[in-house]
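# Survey of secondary and tertiary structure
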Amino acid sequence: MTPQLWQVEPEGGIFLPQIGWHLDSRFPKARSFVSHAHFDHMARHRVILCSDRTRRLMARRLPGNSEIISLPFGQMHRLDDGTEIKLHPAGHILGSAQLAAKNHHGSFLYTGDFKLRPGLSAETCVTPHADTLVMETTYGVPRYEFPPFEEVAAGIRKFCYETLSDKATPVLFGYSLGKSQEILSALKEARVPIMLHPQVEKMTRVYEECGFEFPLYGRFDEAYLTGHVVICPPQSTKSTWFQNLRRKRTATITGWGLDSSTRYRSGCDAVFPLSDHADYNDLLRFVERVNPSRVYTVHGFAQEFSQTLRTRGIEAWALGKDNQLELKLN
DNA sequence: GCGATCAGCT
DNA sequence: CACAGCTGATCGC
């Protein structure tokens, strides 16, 4: 008799019925793995499994009284049912983890959000073998092929230099956790004065506590933004300090920047395609390295990418398509 | 006057 | 398309 592979069910995220754990559930559950500290992957579960660094970030963003099992990367841990698990770096943001598990159903890997290319502000992604793979496929169609980081970083620096020399203030939009620190890293040798939005600074401090180094930046002061490169969340366009700021030039930093519509949609003067997700080729490369016998895809172009895998002879299923229904029922 | 919580809005 | 979560209002202290 062939042993049954891992079962994977969509349910407010992902559910593994054979071991009773959720993965990145957005709603509070009895037990859930939290792959990283972005808000749409966290909730106040009774028991949380996460990396040490995600624990630190969570403590700053969503304090609660969950029981937390936090592990350093690579350390083996045995769940109550005997399943052996390990967390591996996913390369998405600080602390982002993949969950590798092994029991009588074979080996299992959940990527969480991941990026194969080494970044300047995240651990480097690894690709362990697994029989059953659940992977994130945000950019799972061929048109998403990101340019080299250095090329994009140089573009951001040029934008800042030109704006400053025109006596205007460059405002760079990126999420407070992850993207902002990657932008900061891109400015490492730019030698420009920088101010971080309070939310961005709060997250950056955790990176520094973990040993990451960034260029100098000043404390955010609405009265003294002029002459600084300002790094802030996209929603800042609604805030009064932004509306009061004269002579500014704005740029949004996002992987969706590869779409020509993004510049118009964002209302910014410039768009730079910097992402903390894998692009299409890296998604394919990842599957090749993990060499799974069955794949479940979640997020973004999940159906398109699972179709791509099937044409290459790999059993693949799109999982995330019931999420909208799930949200409506709640 | 402050943090916590929530609706609103991308 | 959608990567994720900020702003501002109000409530409780």
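Residues numbered from 1 in each chain as written. Chains lettered and ligands numbered in written order. Predicted model: local features only at pLDDT ≥ 70, side-chain atom pairs only at ≥ 80, totals over all residues. Heavy atoms only, no water.

### Thoughts on the overall build of chain A
The cut-off we apply is this: By definition, any uninterrupted DSSP run of H or I lasting at least four residues is a helix, any uninterrupted run of E lasting at least two residues is a strand, and each is numbered from the N terminus. Note that the radius of gyration is over C-alpha atoms, with the globule rule given as 2.2 Å times the number of residues to the power 0.38. A 1.4 Å probe rolled over the protein chains alone gives each residue an accessible area, and that area as a share of the maximum for its type sets the label: buried under 20%, exposed over 50%, partly exposed in between. For this analysis, residues touch if any pair of their heavy atoms sits within 4.5 Å. Neither His nor the chain ends is counted toward charge; the positive residues are Lys and Arg and the negative residues Asp and Glu. Where a charge lies is defined by one atom per residue type: Lys uses NZ, Arg uses CZ, Asp uses CG and Glu uses CD.
For chain A, the helix and strand inventory stands at nine helices and 18 strands. Computed over the C-alpha atoms, the radius of gyration of chain A is 21 Å, within 12% of the 20 Å expected from 2.2 N^0.38 for a compact globule of 330 residues. Projected onto the principal axes, the alpha-carbon positions of chain A cover approximately 75 × 45 × 40 Å. With 330 residues in all, chain A has 57% of them scored as buried. When contacts within chain A are restricted to residue pairs at least 6 apart in sequence, long-range pairs at least 24 apart make up 57% of them. Treating the 39 positive side-chain charges of chain A as one cloud and the 36 negative ones as another, the clouds have centres 4 Å apart.

### A short note on the sheet that holds strand E13 (residues 194–196)
Here is the rule we go by: In this scheme, strands are said to pair when DSSP sees at least two bridges between them. Axis definition: a line fitted to C-alpha atoms, limited for helices to the stretch in contact. Angles are taken between N-to-C directions and run from 0 to 180 degrees.
Overall, parallel pairing links the five strands, which are arranged E13-E14-E12-E15-E16 in an open sheet. Edge positions in the open sheet fall to E13 and strand E16 (270–272), since each of these has one partner strand only. Averaged over neighbouring strand pairs, the angle between their axes works out to 25° when direction is ignored. Across three bridges, strand E12 (residues 169–173) lies against strand E14 (residues 229–232) in parallel orientation. When the bridges of E14 are listed, Val171 appears paired with Val230. Running over the sheet, helix H2 (residues 149–165) touches E12, E14, strand E15 (248–253) and E16 and is turned about 150° from E12.

### Some thoughts on the packing of helix H1 (residues 52–61) against helix H4 (residues 198–209)
Short version of the rule: Each angle gets one of four labels, with under 35 degrees taken as roughly parallel, over 145 as roughly antiparallel, 65 to 115 as roughly perpendicular, and the rest as oblique. The sense of a crossing depends on the near helix, which, turned anticlockwise from the far helix by less than a right angle, makes the crossing left-handed and, turned clockwise, makes it right-handed.
The contact between H1 and H4 brings their axes to 10 Å, and the two run at 150°. On the basis of their axis angle, the class for H1 and H4 is roughly antiparallel. Considering the relative orientation of H1 and H4, their crossing is right-handed. Here Arg56, Leu57, Arg60 and Arg61 of H1 come into contact with H4, specifically with Lys202, Met203, Val206 and Glu209.

### Quick notes on helix H8 (residues 302–311)
For the record, the criterion: The arc in question is traced by the directions running from the helix axis to the C-beta atoms.
Among all positions of H8, only Ala302, Phe305, Ser306, Thr308 and Leu309 are buried. Considered in projection along H8, the buried side chains sweep an arc of 155° and stay on one side of the axis. The elements touched by buried residues of H8 are strand E11 (132–136), helix H7 (280–290), strand E17 (294–298) and strand E18 (315–318).

### Here we look at the domain arrangement of chain A
Much of the literature gives interface size as the accessible area that the parts lose upon coming together. The line we're drawing: Each domain's extent was defined by an automatic or database domain assignment. Using a 1.4 Å probe, buried area is obtained as the accessible area two parts lose upon being combined, added over both of them. Salt bridges, as used here, are contacts in which a Lys or Arg side-chain nitrogen is within 4 Å of a carboxyl oxygen on Asp or Glu. For this analysis, a polar contact is any N or O atom pair within 3.5 Å, provided that within protein one partner can donate a hydrogen and the other can accept it, and provided that sequence-adjacent residues contribute only side-chain to side-chain pairs. Residues were grouped as follows: Ala, Val, Leu, Ile, Met, Phe, Trp, Tyr, Cys and Pro as nonpolar; Asp, Glu, Lys and Arg as charged; and all remaining residues, including Gly, as polar.
As assigned here, chain A comprises domain 1 (14–143 + 277–318) and domain 2 (149–272). In this assembly, 19 residues from domain 1 lie in contact with 19 residues from domain 2. Across the interface of domain 1 and domain 2, roughly 1,800 Å² is buried in total on both sides, 60% from carbon and sulfur atoms. On the domain 1 side of the interface with domain 2, the three residues burying the most area are Arg60, Leu120 and Ser121, jointly 34% of the side's total. For the interface between domain 1 and domain 2, the tally reads two salt bridges. Residue Glu209 pairs with Arg56 through a salt bridge whose shortest N-O separation is 3.1 Å. Taken together, domain 1 and domain 2 are joined by nine residue pairs in polar contact (both at pLDDT 80 or more). Considering only residue class, the side of domain 1 that touches domain 2 consists of eight nonpolar, four polar and seven charged.

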